[in-house]
Each structure stands twice: as C-alpha cells, then as structure tokens.
Protein chains: 2
Amino acid sequence: MPDPARGFPKQEFAARTARAQARMADAGLAGLLLMTEPEVRYFSGFHTLFWQSPTRPWFLFVPATGTPIAIIPEIGAALMRTTWLDDIRTWSAPAPDDDGISLLTDLLSPMAREGAVIGVLKGHETMLRMPLGDYERLMAGLPGLRINDATGIIRSLRMVKSGREIEKIAHICAIGSRTFAKVPDIAHQGLPLDALFRAFRREALAQGADDVPYLVGGADQGGYHDVISPPSSRPLANGDIVMLDTGATWDGYFCDFDRNWAVGQPDDSSRRAYDVLWRATQAGIDTARPGNTCRDLFHAMQSVIAEMDDQGGDVGRLGHGLGMQLTEWPSHAAFDETVLQENMVLTLEPSLGYGDGRIMVHEENIVVRAEGAELLTTRAPHDLQVI
Amino acid sequence: MPDPARGFPKQEFAARTARAQARMADAGLAGLLLMTEPEVRYFSGFHTLFWQSPTRPWFLFVPATGTPIAIIPEIGAALMRTTWLDDIRTWSAPAPDDDGISLLTDLLSPMAREGAVIGVLKGHETMLRMPLGDYERLMAGLPGLRINDATGIIRSLRMVKSGREIEKIAHICAIGSRTFAKVPDIAHQGLPLDALFRAFRREALAQGADDVPYLVGGADQGGYHDVISPPSSRPLANGDIVMLDTGATWDGYFCDFDRNWAVGQPDDSSRRAYDVLWRATQAGIDTARPGNTCRDLFHAMQSVIAEMDDQGGDVGRLGHGLGMQLTEWPSHAAFDETVLQENMVLTLEPSLGYGDGRIMVHEENIVVRAEGAELLTTRAPHDLQVI
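Reading the values: rules and limits
Residues numbered from 1 in each chain as written. Chains lettered and ligands numbered in written order. Predicted model: local features only at pLDDT ≥ 70, side-chain atom pairs only at ≥ 80, totals over all residues. Heavy atoms only, no water. Pairing = 2+ DSSP bridges. Helix = DSSP H or I, 4+ residues; strand = E, 2+ residues; numbered from the N terminus. Axes fitted to C-alpha atoms, helices over the stretch in contact; angles between N-to-C directions. Contact = heavy atoms within 4.5 Å. Buried area = accessible area lost by both parts, 1.4 Å probe. Salt bridge = Lys/Arg side-chain N within 4 Å of Asp/Glu carboxyl O. Polar contact = N/O pair within 3.5 Å; in protein donor to acceptor, adjacent residues only side chain to side chain. Core = buried A, V, L, I, M, F, W, Y, C linked by side-chain atoms within 4.5 Å. Buried < 20%, exposed > 50% of the residue type's maximum accessible area, 1.4 Å probe, protein only.

J.: Account for the sheet that holds strand β5 (residues 117-120) of chain A, naming residues and giving values.
T.: Residue and element names in this part refer to chain A. A sheet is described by the order of its strands in space; here six strands give the open sequence β4-β3-β2-β1-β5-β6, paired in mixed fashion. In this open sheet, the two edge strands, each paired with only one partner strand, are β4 (87-91) and β6 (146-149). When the angles between neighbouring strand axes are averaged without regard to direction, this sheet yields 25°. Looking at chain direction, strand β1 (residues 31-34) and β5 are connected through three bridges and run parallel.

The following block contains the structure:
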C-alpha cells in the first residue's frame, strides 16, 4: 500500500478554522490566541521540529472571521509562507525585550478598546508556551481585554479526527505494528535493554517512521516495576518480562502502544496478568462505540482488571486520545464523561499491579466508527509471546 | 574510549542545590517552584521521556535549605524514588479538578502566611508548564505569597557546566561527528531528502546516540532556502547544496551542529558562502575565551559574515548555549552581554543570506576553557565537501 499524502489540502485547514469560528461565535469570542505546537499546526499546517528550541515564542491568532494570523519569529517566515496563511507578521527573534509583544499588542488593542473577549488555552493538559512575565506584561498593556479559557473549544475540535488525520495515524500504527513484529528477531538473552531500545528505534525508522520521539519500557525477573524509565544496560535474562511502549511519528501524527514478551518461559502470575489485560483490552474494544463515554470505557476495562488488582492502579487512567500528540484528551477515567463520537482516535491502555511491586501494561490504538471500534494496531497475541 | 558513566552522583545534585540556595539567599527567596523538564532534572536527576505527554504537570520545590521536594503524579513515583530526593509527594493524575494544586497549597501556605517570596521562572526562554488556569487558582489560594522571577538564578547555574556534564556533551558531539562523517557514504544523487534524514537517524543511533530528537535541513539547486522545514521527498540532484543540522542526545544531553555538502561541483557563490562562514566560525572560536561577552562573539562572527551579507540575517543570533536542551541561554547577539566563563558550552552558528533567497548555516560546538575555546565537534573541513 502506498504511503498517504503528506500534509493537508487548504480546505482541511479552512474547515477546521470554520468549525472553531462557529464555536467561538457561540462563546462570544473575538478570537483565539494560540501558542502551542499542536494548535499552531492544527490551524496553519506549520510543521517543524524547531519547537524543540525553547528560545522563541510562536503565536497564531484565529479571528472571529477570516484566515488565522501568524505572529512568529522571522526564522519561521519561509516555512509559514508555504502554508495557507497570508497574514504573517514577524520579528527578529530572540528579542528578550520584545519577543512578539508589541506585534500582539498592535493586533489586540482594537479588541481591548471594545472590551472584547478572546480565548486562550488555560485548562487541563494545556500550558503557557511563552514567558509568564511576557504574558503578564502583554495583558497589563491591554486593559479592557477579557480572557476566557478556550480549552473546551479546542478539545472538542481536535478530539474528532478527519479522514486524512486517521489515515496518517493508521499509517504510523501499521509501521509500529511491523516494528513490534520484528522484536523477537532482535531481542535475545544477553542483549542489554538499552541496545534493544536502540535497535527498536532503528527498526521503526527502517519500517518507515519519521521519528521515534517516545520509547520507554522495562525488563525484569518475573515482571517490570516501572514504565517511564530510560533503559538500563542490564542484559535480558531468562525469566524476564520485557515491555516496550513507543510513540513513533509519521507526518506529525503519533501511534502510542506497547507490547510485552517473556524471555524464556513466563512465570504463572505474569502469564495471568497478561491474560487479564488482554481481556480488559477486549472489553475496551467492545465498549468503544459512539454514545458510550470514556467513563464507560474505564469501567469496562477496570471490571476485568479487578480480577487481579482491585486497586485500580495509580497511573490515573486506562487510555486516552491520540493524534498530533502522544497523549491527548479525553481520558479513560471515572472522572471523564466525554461521549465517544465517530472518528475519535483512542488508546486503550489497561494496566495492573501484581506480585511484589510489579506492573504490567497493555495498549492498542483504535478509531471509533459508527459500528464500533476499528483497530489501528495489529492486535497483540492472546498469549504472552516468548523470545 | 569507553562511554562516560550515565547519571550523576548525589554530590552533583547536592552541589547544584547548594549553589541555587546561595543565590536564593542573596535574592531573599524562600524557595523555587519549578515545573519544566530541564529544571526538574537538573536538581533531582529525574530523567524520562514521559514529559512528551502534556497531560500531567510535575513540580519540584527547592527550599531555602535542605533537599528539593517532588510533587508529582504517582506514575512517576517509582522513578523519582531512584533519585537522591526523599520527600516525594504524589497524587493520582490526571485529576483535572486538582492536579497537584492542593499538595502545592499545603506546601506553600506557611510561606504565604509569612508573606514570603518564592521564585518562579517567568523570563526569557521559559514557559509555564502547567495550565494557566491552575496557576491562577493556586496563586488566588495563597494570598500573601509573593512571586519573583527566578530566571536569572537558574540561568546563571545552568549556563556553566560541570565536568560530568561536559563529558556527556562531548560524547554526543563525538557521536554526531562520526555520523556526519558517514554522510558521504550514505548520500548520493537521486536519494530523496527524507530518505537521507531517515538514514542519518539510523546511523546516529548505530554510532551510539540515544535519540535524535532534532534533525532539520535542506537541499536545493545552488543553495537551500529554509533551515527549519521537515524534509521533502525530492531526490538529491547534481548542483544541490545539502545541509543537515542535528540535535542528538546521550543521557539527556544534546549536541547541536550541522554540516553542508555539495552534490557534484558547487557553484561559486555557495563555495564563497561556505568559506566566509568557515572563517566566521573561526573568528568565533578565537574570540570564545573567559572575559569576552556573547556580544563580542556576535561581532567577531558578524564582521566576517559582512563580507558577503551585511544585513546580519534574520535568524536573530549566531549561536547559543547547549546542554540539557537543544538551545539554552545565552545568545550570541548584540543584545546579550553575558560574560563568557570557563566551562560554558556553546554553539557557534554563523549564517548568511546570499543569491536569490538562499541561506547557508555553519555550526560547531565548543566548551570555553581558561585558555580559550575547545572544540567538542570535529571541525568541518575548510572546503565544501563534494558528494
């Protein structure tokens, strides 16, 4: 199968903007001031790894009508000019005394004079990607401007994916699945865990990933103890349970799933944990249909997990949204009553604690279709694979 | 040469903390509230790719005396317990209604009652890595607490590297140099640029990099036009000038440098641009000694660049600090009067515009020693290499 096309046609950005503007009208917002990578990219198509550098702030303003306005460092102008935007205002950054602040003030002053309300991301899973001092200074210079939290608007848009977005996520999920399928050829007793990580990254790239920004995992006798550590150089040993969890990317979209293996014959409790989690995942798959909620998904998975661990784990949730970021809204947790809609892309990520401080995690990626969940990942085998 | 040791001994974190506390005492601060990855890692050793997920906030409080206190999601507790910290307070996150806020309030309330001042990063190159709404709510619940910008304190500490930090950066710079040396074997006419990117990442991993979070570049006839774009799938062609710029990592420390090549014989103006930039870099190397300033570095490089481009470019600076982040304070720019000190690690990154909107960039990484600059990268050849 050929790769999907990179990027998006202009109509996709126009449609996203129109949907945002409809919601902004309902909320009485004169604009959205955005500054985080996924949001700038979502409305403009501006796609660069340059965000790795924390030095320069980047701004996108989505007005109540019309095309978004970019207020960005000059170093990004050439790339921004390749997008559908035409109003691109730049300054020579870094400029500690005025990193975009006077350009923003010029833009927002008329709205401030009218006592308008603009939206800024202030809610859960957001951050302020500009110096707090600059934000305070900007606001102090715009008396009359009112700021509302626009998290709900952005969340409602980004949670439901377009066909082209789903294509990209499906593509990187397929790359991830092919990479995991190679692990039994790569991993062997005696291989240090960090060497396995390095080989996994190389394999994912060979399989077509653009990048592997996220790779965590663990390996230890009869089960691993932590799922967010960098790899040790400890060699894989007979009796280990090994887990790799990857967020690889293609054209700016993520997969996020894991696989577990036993080195030699697995112990009984690891085998049982694996079976419980496989069935918990299945309960999630069976529940992921439009109209059910994230809370329903949580309870469906948790009721299976409870066969072995009734504590519910402390990781806080059993999966989440997936797309331009490794983790996105919503959360499969008791607190999240988000109603599932067609074309949401989600991870199902049940986990449990067992034995003496061991933990096991499973993860699959799905898209919610009218008739139910469609797997984007190649389903993990029902039995713990031995390497 | 064997790899350096991973991590740092406890004494290194204790020394960093003591230095911070001395500066906090001078500034009258009762503590530092930190929440960004490099700062949490700098004082604790907490090192994980899990920061890729924007869902959960993480906090570290450096008190006026004693060991830092971690206030973090439970999912990070096992890893944080492997650090030198002993006061680790956790909650089951995500918890949109209380993502660490009540734990922070408990910690900070006694200080608020005393009208104490704490430091938060509010200055240049910083961001607020927690929801702005939560920050405002936290502050509203702590009347009496005063917040000062602690950017100057953190910057002054992090800009000067320890011997162990320099070892790690030197190690990844050597890996990067070996990887660039392989490019003439990998690149050839007809190879799509995105395939070159993929092959470069694979080679960097094979050479020992943990990861290649940053890779940008360009290739076009007689020179490239943009230095922050993702790669196109355009095949390399005779007459192209190709540039790759990488930020690879080892044990959480970055290199950041680039190399240029000509596909077939280069045109005269590209050859001249290369020569000017090579000599501009040399002027930077010769100027990078304790007592000179970043501004001096800027002018030394700019005076050579002016032979071909007297505009000074719009990229804003000609290099920067390097370490736990791809780009760190200071900036080699006319506005930055930071005095160079022994053991600062810096990039020298002169660039110029030429021809019809073409740009060329050179970059080397150095450490400032008592006697002057020591190269961490293998110096680019004086003549533009042909592939």
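J.: Just give me the short version of the interface of chain B and chain A, but keep the residues and values in it.
T.: Each side of the interface is counted separately: chain B has 70 residues, and chain A has 70 residues. Overall, the association of chain B and chain A removes approximately 5,800 Å² of surface from exposure, summing both partners, and the carbon and sulfur fraction of that is 59%. Linking chain B with chain A are six salt bridges. Note that arginine 201 of chain B and aspartate 211 of chain A form a salt bridge whose closest N and O atoms lie 3.1 Å from each other. Counting across the interface, chain B meets chain A through 30 residue pairs in polar contact (both at pLDDT 80 or more). Those elements giving two or more residues to the side of chain B that touches chain A turn out to be α3 (77-80), α5 (132-140), α8 (193-206) and β7 (211-221) of chain B.

J.: Would you mind going over the pattern of salt bridges in detail, with residue names and values included?
T.: When the charged atoms of two side chains with opposite charge come close together, those side chains can pair. Residues and elements named next belong to chain B. Following the criterion strictly, the structure yields 50 salt bridges over all chains and no others. Here arginine 358 and aspartate 267 are joined by a salt bridge, their closest N and O atoms 3.5 Å apart. With arginine 358 in strand β15 (residues 358-361) and aspartate 267 in the loop between β10 (257-262) and α9 (268-287), this residue pair connects regions lying 91 residues apart in the sequence.

J.: An account of the nonpolar core is requested, with residue identities and associated values reported.
T.: Residues Phe43 and Leu196 of chain A together with Phe43 of chain B are the most contacted members of the largest nonpolar core, which totals 213 residues. With 52 residues, the next largest nonpolar core counts Ala95, Leu107 and Leu145 of chain A together with Ala112 of chain B among its residues.

J.: Could you give an account of the sheet that holds strand β2 (residues 59-63) of chain B, naming the residues involved and the relevant values?
T.: Residues and elements named next belong to chain B. Taken together, six strands build an open sheet; the order of strands is β4-β3-β2-β1-β5-β6 and the sheet is mixed. Two strands lie at the open edges of the sheet, namely β4 (87-91) and β6 (146-149), each paired on one side alone. Averaged over all pairs of adjacent strands, the angle between strand axes in this sheet comes to 25°, irrespective of strand direction.

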